[in-house]
Protein chains: 2
Amino acid sequence: MSEASRRELEQLIDERVTAVRRHDSATLLRRHDDQVLTFPLLPPTASRGREAIEASLDQWFGGYVDGPGYEVHDLVVEADEDLGCCAFLYHVTGTLTTGDVVDMWVRSTAVFRRLADGWRLVHAHESVPFDPTSGRALTSERPPEL
Amino acid sequence: MSEASRRELEQLIDERVTAVRRHDSATLLRRHDDQVLTFPLLPPTASRGREAIEASLDQWFGGYVDGPGYEVHDLVVEADEDLGCCAFLYHVTGTLTTGDVVDMWVRSTAVFRRLADGWRLVHAHESVPFDPTSGRALTSERPPEL
């Protein structure tokens, strides 16, 4: 485990929180590798590349009249010199353009690779669990402290 | 990127496929770190430790009268000497004790740390996306090749 990498990755998550709150897509996109592999919260099941991220950020930020509020909880980092993984929960809140209120807990795994000019996100996985009986996504399950 | 680690991690995924098909919980459990952090497909939202894995494997295997069939697709590995991440899709099929037929595509991210006696799973994240309009989990979405 590299403590220096751990601190740098914690700072990247802080950077992400600030950027989401500011709807700052440019900062978020710069951190993504050209070929980032994404397993997103909403369809599609998987995507490759930064263009898909750009479209989903536009849709995300454009969908809110108030928000999204974005808080990170329970961050766990595994890191060596040039590869790192951040696992955390985020609490997203706000009001959509449809008038619907969002209050959702999401699991997030973010894998970073250190390149010559800094860390880049090479894989992101975001999700909620689902209830197999009803088939419904469980969007408001705050787990106990991990 | 360590090519030696990549090959070892690909072998771990092969080991997992064989073990699932044999309902071989012991082999699966041995690969999990004591403090593994899991974001599972079904509730809870998150869990810590090997005991939770053991209970969920018992429930998973016990739930099928035929299966689970388990095929891994589109495996992508990022690995350095002592840390690695595997991202892949798996196709799970079979018949439950309830008579329901399962035919599901799941996204999986598995993060491994090399310890003195071999690789251990330190973080696992499994999910399907959901449709925000209906609130339903999307369990049969086969994405195009990545």
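Every residue gets a number counted from 1 within its own chain, in the order that chain's sequence is written. Labels follow written order: the first chain is A, the first ligand is 1, and so on. Where totals are concerned, whole chains, interfaces and linings use all residues; where local detail is concerned, this predicted model gives features only for residues with pLDDT of at least 70, and gives and counts side-chain atom pairs only at 80 or more.

Description of the relation of the copies chain A and chain B
Then, number 1: Fitting of the copies onto one another was done by least squares over C-alpha atoms, counting residues only where both copies have pLDDT of at least 70. With an axial shift of 0.0 Å and an RMSD of 0.0 Å, the rotation relating chain A to chain B amounts to 180°. Seen this way, the second copy is the image of the first under a two-fold rotation axis. Nearest to the rotation axis, the C-alpha of Arg136(A) is located 2.2 Å from it, this being the minimum over chain A.
Then, number 2: Both copies share a contact surface, since 100% of the interface residues of chain A are interface residues in chain B too. Throughout, a pair of residues is in contact if the C-beta atoms placed from their backbones lie within 7 Å.

Considering the sheet that holds strand E5 (residues 101–115) of chain B
Residues and elements named next belong to chain B.
Then, number 1: Pairing between strands is defined by DSSP: at least two bridges between the two strands are required. Counting from the N terminus, the helices are the DSSP runs of H or I reaching at least four residues and the strands are the DSSP runs of E reaching at least two. On the basis of which strands lie adjacent, the open sheet formed by six strands has the order E2-E1-E6-E5-E4-E3 and mixed pairing. Strands at the two margins of the open sheet, each flanked by one partner only, are strand E2 (47–48) and strand E3 (64–79).
Then, number 2: Here 11 bridges tie E3 to strand E4 (residues 83–96), and the two strands are oriented antiparallel to one another. Considered in E4, the bridge of alanine 79 is made with glycine 84.
Then, number 3: Where helix H1 (residues 3–21) meets the sheet, it contacts E3, E4, E5 and strand E6 (118–127), and its direction lies at approximately 175° from that of E3.
Then, number 4: Along the sheet face, helix H3 (residues 50–62) touches strand E1 (32–39), E2 and E3 and points at about 65° away from the line of E1. The axes are straight lines fitted to the C-alpha atoms, using for helices just the contacting stretch, and the angles between their N-to-C directions are given from 0 to 180°.

Looking at the interface of chain A and chain B
When the parts come together, some accessible area is lost, and that loss is often what is quoted as the size of the interface.
Then, number 1: With 37 residues of chain A at the interface, the matching set in chain B holds 37 residues.
Then, number 2: Put simply, the parts of the chain that give the side of chain A that touches chain B at least two residues each are strand E1 (32–39), strand E3 (64–79), strand E4 (83–96), strand E5 (101–115), strand E6 (118–127) and strand E8 (136–137) of chain A.
Then, number 3: Of all the elements, E5(A) adds the most residues to the side of chain A that touches chain B, at five residues.
Then, number 4: For the side of chain A that touches chain B, a count of residues per class yields 23 nonpolar, six polar and eight charged. Classification convention: Asp, Glu, Lys, Arg as charged; Ala, Val, Leu, Ile, Met, Phe, Trp, Tyr, Cys, Pro as nonpolar; all other residues, Gly among them, as polar.

Overview of unusual backbone geometry
Then, number 1: In this structure, Pro44(A) follows Pro43(A) across a cis peptide bond, with omega equal to 10°.
Then, number 2: Within the secondary structure layout, Pro44(A) lies in the loop between E1 and strand E2 (47–48).
Then, number 3: A cis amide bond, omega 5°, links Gly67(B) with the succeeding residue Pro68(B).
Then, number 4: Positionally, Pro68(B) belongs in strand E3.
Then, number 5: Unlike most non-glycine residues, His23(A) shows phi in positive territory, near 55°.
Then, number 6: When you line up the elements, His23(A) lands in the loop between helix H1 (3–21) and helix H2 (25–30).

So, to be careful, I would describe these as geometric facts and stop short of saying anything about function.
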